[in-house]
Amino acid sequence: MVASFTINELYIGMQVSSSHLITENKIKLFADISGDYNPIHLDAEYAKTTRFGKQIAHGMLVSSFISTLFAMKLPGQGCIYLSQSLFFRKPVYINDVIIATVEVITIDTSRKRVSFKTYCTVNDKIVIDGEAEIYIPD
């Protein structure tokens, strides 16, 4: 179900989350879409030689689940993504379950802009965090 909140229905601290399983197939599909064929993502033998010891998911694949929350849950249909800061804190591996969360931190009704704390976790550890600004039309 797609949500659609007006700016006046939002409040500081309002948040939503979703979970996503990272699979090898999702990593391959993201590589095809993005053109990022770095072997750290796609080649298990190569990945063994890195400091991670195994394949890691694209950071932008994982962070894309934040965009999904904005479009589908909070604020929902019609919102426009204006900016996003991202800090990649820990690697994400195949079979990790990502919990993506967005939380309202400021609301500017005159400019129709809302700022969000954004983060993704694996096993309650932050793997990506940052902030986003969203425009909410009438």
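Right above here is the structure, for reference.
Keep in mind that this is a model prediction, so the values were computed, not measured. (Residues numbered from 1 in each chain as written. Predicted model: local features only at pLDDT ≥ 70, side-chain atom pairs only at ≥ 80, totals over all residues. Heavy atoms only, no water.)

*Asks:* Account for the environment of Met-72, with residues named and values stated.
*Replies:* Inspection of the secondary structure assignment puts Met-72 in helix 4 (residues 59-72). C-alpha separation for the pair Met-72 and Ala-3, spaced 69 residues apart in sequence, amounts to 5.8 Å. (Helix = DSSP H or I, 4+ residues; strand = E, 2+ residues; numbered from the N terminus.)

*Asks:* Give a description of unusual backbone geometry that names residues and reports values.
*Replies:* The omega angle of the peptide bond from Leu-74 to Pro-75 is 10 degrees, so this bond is cis rather than trans. Note on placement: Pro-75 falls in the loop between helix 4 and strand 2 (80-84). Here the phi dihedral of Asn-123 falls at roughly 50 degrees; this positive angle occurs in a residue that is not glycine. Topologically, Asn-123 is positioned in the loop between strand 5 (113-122) and strand 6 (125-135). Asn-123 gets classed as exposed once you look at its relative accessible area, which sits at 67%. Unusually for a residue other than glycine, Asp-124 sits at a positive phi of about 65 degrees. (Buried < 20%, exposed > 50% of the residue type's maximum accessible area, 1.4 Å probe, protein only.)

*Asks:* Please set out helix 4 residue by residue, giving values where relevant.
*Replies:* With 14 residues, helix 4 extends 21 Å between its outermost C-alpha atoms, agreeing within 8% with the 20 Å of an ideal straight helix rising 1.5 Å per residue. Taken as a whole, helix 4 has its buried residues at Leu-61, Val-62, Ser-63, Phe-65, Ile-66, Leu-69 and Phe-70. Looking at the buried side of helix 4, the elements it contacts are strand 1 (15-21), helix 1 (24-34), strand 2, strand 4 (97-108), strand 5 and strand 6. (Expected span 1.5 Å × (residues − 1). Contact = heavy atoms within 4.5 Å.)

*Asks:* Which residues make up helix 1, and what values do they have?
*Replies:* Listing the buried residues of helix 1 in full gives Ile-27, Phe-30 and Ala-31. Down the axis of helix 1, the smallest arc covering the buried residues is 105 degrees, so these residues share one side. The outward face of helix 1, more than 90 degrees from its buried face, is lined by the exposed residues Asp-32 and Ile-33. Considering only its buried residues, helix 1 is in contact with helix 2 (39-42) and helix 4. (Arc of directions from axis to C-beta.)

*Asks:* Residues and numbers for the pairing of strand 6, please.
*Replies:* Bridge count for strand 2 against strand 6 is four bridges, and the pairing is antiparallel. Across the sheet, residue Ile-80 finds its bridge partner in strand 6, namely Tyr-135. Relative to strand 6, strand 5 is paired through 10 bridges, and the arrangement is antiparallel. Paired with Cys-120 across the two strands is Ile-128, which belongs to strand 6. Here strand 5 folds back onto strand 6, and the loop between the two strands holds two residues, one of which, Asn-123, carries a positive phi near 50 degrees. (Pairing = 2+ DSSP bridges.)

*Asks:* Quick one: what's the story with the packing of aromatic side chains, residue by residue and with numbers?
*Replies:* Applying the stated criterion across every chain yields a total of two aromatic pairs. Seen in terms of ring centroids, Phe-70 and Tyr-81 are 5.1 Å apart; in terms of plane orientation they differ by 85 degrees. Their pairing is edge-to-face. Residue Phe-70 is found in helix 4, and its partner Tyr-81 is found in strand 2; the two are separated by 11 residues along the sequence. Assessed through its relative accessible area of 32%, Tyr-81 is described here as partly exposed. (Phe/Tyr/Trp six-rings, centres within 6.5 Å; stacked < 30°, edge-to-face > 60°.)

These results come straight from atomic positions and should not be treated as a statement about function.
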